[in-house]
Amino acid sequence: MTTTLPRPALEARALRAPASSVRFARPEDAGELAALSGPFVRAGALRERPVSLYAAHAADFLVAVGPAGRLEGCVGLRVYPAGPAEAGAPAGVLYNFCVAGHRQGCGVGAALLRSALTRARARSLGSLFTATTGGGRLFQRYGFTSTAACLAPRTWAESLDPRRNARILARAV
């Protein structure tokens, strides 16, 4: 998701592509979550996570499922208790956001992000954060802006690898 304006080829592909449905992940999706994330890990865009971690944290994830029943995208949403900067509202962090290469530009990422925002509102989160090594254009289209690490949940911000040079984005929920 690195273009700001739709390209004709992507628009045509989006019109031809069958729609994905978004659902909560289940522990049995762990192997598929790891496989889906693999190309992004190899490219340095995501951290490597063992299958056991995906299974243990399956409740964090929303997944996009294609017509054939295969996972086409995922995003995790972890909730952090409110710190002094959040004025009493817990904050969320979106992580491990990825869409299979053949489904990029087809609206899968946007559907996942809309579902994550809906889930964040339902959980009464005050703000959402994410870290990206990419352009972040999809996040920006949904109201995320660059922010400082000191405004993010402390334990999450401290866990970020400075060698990845990720940019932190946030938005109010």
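Structure's up top.
Anyway, here's the lowdown on the structure attached to this text. No experiment lies behind these values; they were computed from the predicted model shown.

Next up on the list: the layout of surface pockets. The computed volume of the largest pocket comes to approximately 800 Å³. Among the elements of the structure, strand E3 (71–80), strand E4 (91–99), strand E5 (127–132), helix H5 (137–141) and helix H6 (154–159) are those that each provide at least two residues to the lining of the largest pocket. Residue composition of the lining of the largest pocket, grouped by class: 18 nonpolar, twelve polar and five charged.

Bringing the packing of aromatic side chains into the picture now. Evaluated as defined, the whole model comprises four aromatic pairs. For the pair Phe 139 and Phe 144, a centre-to-centre distance of 5.2 Å together with 70 degrees between the ring planes defines the contact as edge-to-face. A relative accessible area of 8% places Phe 139 in the buried class. Here Phe 144 falls in the buried class, since its relative accessible area comes to 2%. Each residue in the set Tyr 54, Phe 61 and Tyr 95 is aromatic and connected to the rest through ring pairs, giving one cluster.

Here is what the cut-offs are and how they apply
Residues numbered from 1 in each chain as written. Predicted model: local features only at pLDDT ≥ 70, side-chain atom pairs only at ≥ 80, totals over all residues. Heavy atoms only, no water. 1 Å grid on protein atoms, 1.4 Å probe; cavity = no way out; pocket = protein on both sides within 12 Å on 5 of 7 lines; lining within 4 Å. Points joined across faces, edges and corners; volume = space filled by probe spheres on them. Helix = DSSP H or I, 4+ residues; strand = E, 2+ residues; numbered from the N terminus. Nonpolar A, V, L, I, M, F, W, Y, C, P; charged D, E, K, R; others polar. Phe/Tyr/Trp six-rings, centres within 6.5 Å; stacked < 30°, edge-to-face > 60°. Buried < 20%, exposed > 50% of the residue type's maximum accessible area, 1.4 Å probe, protein only.

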